[in-house]
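Close look at the chain arrangement
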Amino acid sequence: MEPEISNQSLLFLIIFVLVPLTLSYYYQLGMSKDIVWSSIRGTVQLFAIGYILTFLFDLNPFMGIPLMLSIMIIIATFHAWNKGKELPHAFLVILLGLIIVEVSVLTLWLAFDMVEFTPSEVIPMSGMVIGNSMVAMGLALERMKSEFTENSGRLMAALSLGAKPSQASHLIVTKTLNAALIPNVDRLKTIGLVQLPGMMTGLILGGVAPVMAIKYQLVISLSIFSSVSLSAMFVTMAMYRYFFNKNDQLLENEEELRNQQK
Amino acid sequence: MEHTVFQFQNVSDDILHNLNFKINKNEKVILFGPSGAGKSSLLFLFNRLRDPKQGDINYNGKPITEYVISQLRRKVGLLLQSPNLFPGTVLDNLKYGPSLCGEWNPDDAKKLLEYVQLPESYLNRKVDQLSGGEQQRVSLGRTLANSPDVLLLDEPTSALDYRTAEEIEEVLERLIEEHQLTMIMVTHDLKQAKRLGERGLFLMDGELKEDGDLESMLTDPKTEELKEFIQD
């Protein structure tokens, strides 16, 4: 029997919205409008994607999968780009990075028969990989910018001692990668102990045997771990050089970074 | 005959305006002037941490742009206001510069610590366990590890208390003499300037207002700007 939540039951979800709404009203947080709007928007988005997925799942996989993956990658690129717009070629680097990550992961899945080339398997799993990679790239860009600002003295010192930008940035690159990878290492360490991962929970609720659900969860968790590492590494290694000009001089502010793009 | 180390000809950028001067070997030059005068901006031109928009800078008779940047920076060492040490030990910092080009000799570590008057036991000490003065000594040792000919100093004692500043000053004075270094120092402290410098370059609003013997400049300023600056 397929699990079913009736529409009437869904209506009672409004109680979950009323809790933060009441808190906002009581403590005058001024967030009531945001709470109502985000709840409505989230509901509409989810139903819309539900219908779109139903449509895509019925399509020929060779059409539906590339179409949806392209849309996801482009949206993810724009989102991550917002975190480092002032950096030259950031858009292209992120786009290329996401394509490389997704193609690599998908190739491995298919080559080792972990996932079937059907929209219902590839699209949701790729969505998780692309989404996590997007977050990792955005975080890496933000972290890199703040590390460059905070460590400008050290970078100047390194350059003045004869270091090339790649050598001077070593510390920044290490810190950025650490920051991007640590949350994932922690998540993997506690997986199944602190919280049951979303995908596994979904599969179990959908009637799949727990051991099979765990296998899928392992595939996705380790794929995400790998793709997040690759994304952070790719964006960091591709972008650090834009904090310097061609004369191995540190660019000190956003204006100088922007001027370099021209 | 005096050997010219640096020659500036019509050097200008957004901050500095039409600078013309020479610096000879072993000179002890003080760049001074009010905040925002362009002192640090000028200092960073000597080792190409900045480049001017116009004009020519020659180093040892050759345009500065013809040198390999990393090699130029090794020869024209810089000590900043803050030590800016790299995470790790004193040894990690001392060997940083020479290691970049595979020239580190482990025997140099002891010698460098002697230069900056730190005990040998400090070699494997983590830099974050050191006091401000000790960190600045390590930073100086790190700069000297590259065996520079010119030493650029950007207010090297301004972040330190009076006593520690005096100690660093003594170390600097001795090392500059011993190693026959050409020194170019930015400082706000006119007393320190007199103690360490021989020649003064007085900058204001990016212009070189006075250039000459430091003692005479401070006792008998030629320009109104310098008179006012000294009185302040």
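Not measured: the values here are computed from a predicted model.

With respect to the domain arrangement of chain A
Residues and elements named next belong to chain A. What the domain assignment reports for chain A is domain 1 (1–58) and domain 2 (61–261). Each of domain 1 and domain 2 was reduced to a C-alpha centroid, and the two centroids are 29 Å apart. Each partner contributes to the interface: domain 1 provides 5 residues, whereas domain 2 provides 9 residues. Between domain 1 and domain 2 the total buried area reaches about 530 Å² when both faces are included, carbon and sulfur atoms providing 86% of it. Across the domain 1-domain 2 interface, the total number found is 0 salt bridges.

Considering the packing of helix H5 (residues 90–111) of chain A against helix H6 (residues 119–150) of chain A
Residue and element names in this part refer to chain A. One can describe the packing of H5 onto H6 by two numbers: an axis separation of 10 Å at closest approach and a directional angle of 140°. By crossing handedness, the relation of H5 to H6 is classed as right-handed. Every residue of H6 that contacts H5 at Ile94, Gly97, Leu98, Val101, Glu102, Val105, Leu106 and Trp109 is listed here: Val122, Met125, Ser126, Val129, Ile130, Ser133, Met134, Met137 and Leu141.

Let's talk about the environment of Leu91(B)
Residues and elements named next belong to chain B. Considering the arrangement of structural elements, one finds Leu91 in helix H3 (residues 90–94). C-alpha of Leu91 to C-alpha of Asn124: the two residues are 33 residues apart in sequence and 6.1 Å apart in space. Not counting residues up to four positions away in its chain, the partners in contact with Leu91 are Trp104, Ala109, Leu123 and Asn124.

Some remarks on the pairing of strand E6 (residues 76–79) of chain B
Residue and element names in this part refer to chain B. Across the two faces of E6 the burial is the same, with Val76 and Leu78 and Gly77 and Leu79 all buried. The sheet contact formed by E6 and strand E7 (residues 150–154) spans 4 bridges and is parallel. Each residue of the ladder has a partner; that of Gly77, found in E7, is Leu151.

Some points on the packing of aromatic side chains
All names here are of chain B. According to the stated counting rule, one finds 17 aromatic pairs over all chains in the structure shown. Seen in terms of ring centroids, Phe32 and Phe229 are 6.0 Å apart; in terms of plane orientation they differ by 45°. Their pairing is tilted. Separated by 197 residues along the polypeptide, Phe32 in strand E3 (residues 28–32) and Phe229 in helix H10 (residues 224–231) bring together distant segments of the chain. By relative accessible area, which is 15% here, Phe229 ends up buried. Grouping aromatic residues by their ring pairs yields a cluster made of Phe6, Phe8, Phe21, Phe46, Tyr59 and Tyr67. Its guanidinium or amino end placed over the ring of Tyr122, Arg125 lies 4.2 Å from that ring's centre, counting from NZ or CZ. In this structure, Arg142 is placed above the aromatic ring of Phe86, and the distance from its NZ or CZ to the ring centre is 4.5 Å.

Digging into the interface of chain A and chain B
The interface of chain A with chain B comprises 17 residues on the first partner and 22 residues on the second. Around 1700 Å² of area is buried between chain A and chain B when both sides are counted, 57% of it from carbon and sulfur atoms. Taken together, chain A and chain B are joined by 0 salt bridges. Counting every contact that joins chain A to chain B gives 8 residue pairs in polar contact (both at pLDDT 80 or more).

Analysis parameters
- Just so you know, the residues in each chain are numbered from 1, in the order the chain's sequence is written.
- Both sets of labels track the order of writing: A upward for chains, 1 upward for ligands.
- Where totals are concerned, whole chains, interfaces and linings use all residues; where local detail is concerned, this predicted model gives features only for residues with pLDDT of at least 70, and gives and counts side-chain atom pairs only at 80 or more.
- Side-chain measures here rest on the full set of heavy atoms in the structure, leaving out hydrogens and waters.
- Each domain's extent was defined by an automatic or database domain assignment.
- For this analysis, residues touch if any pair of their heavy atoms sits within 4.5 Å.
- The term buried area refers to how much accessible surface (probe radius 1.4 Å) is lost by two components on association, counted for both of them together.
- Salt bridges, as used here, are contacts in which a Lys or Arg side-chain nitrogen is within 4 Å of a carboxyl oxygen on Asp or Glu.
- Every angle, taken between N-to-C directions, lies between 0 and 180 degrees, and every axis is a line fitted to C-alpha atoms, over only the stretch in contact when it is a helix.
- Secondary structure elements are defined from DSSP: runs of H or I of at least 4 residues count as helices, runs of E of at least 2 residues count as strands, and each element is numbered from the N terminus.
- It is the rotation of the near helix from the far one that decides the hand of a crossing: anticlockwise by less than a right angle makes it left-handed, clockwise makes it right-handed.
- Note on classification: 1.4 Å probe, protein chains only; a residue is buried when its accessible area is under 20% of the maximum for its type, exposed when over 50%, partly exposed between these limits.
- Note: two strands are recorded as paired if DSSP finds a minimum of 2 bridges between them.
- Two aromatic rings from Phe, Tyr or Trp, using only the six-membered ring of Trp, form a pair when their centres are within 6.5 Å; if the ring planes differ by under 30 degrees the pair is stacked, by over 60 it is edge-to-face, and anything between is tilted.
- By definition, being over a ring means that NZ of Lys or CZ of Arg is both within 6 Å of the ring centre and within 35 degrees of the ring normal.
- Pairing of N or O atoms within 3.5 Å defines a polar contact, subject to two protein rules: one partner must be a possible hydrogen donor and the other a possible acceptor, and residues neighboring in sequence count only if both atoms are side-chain atoms.

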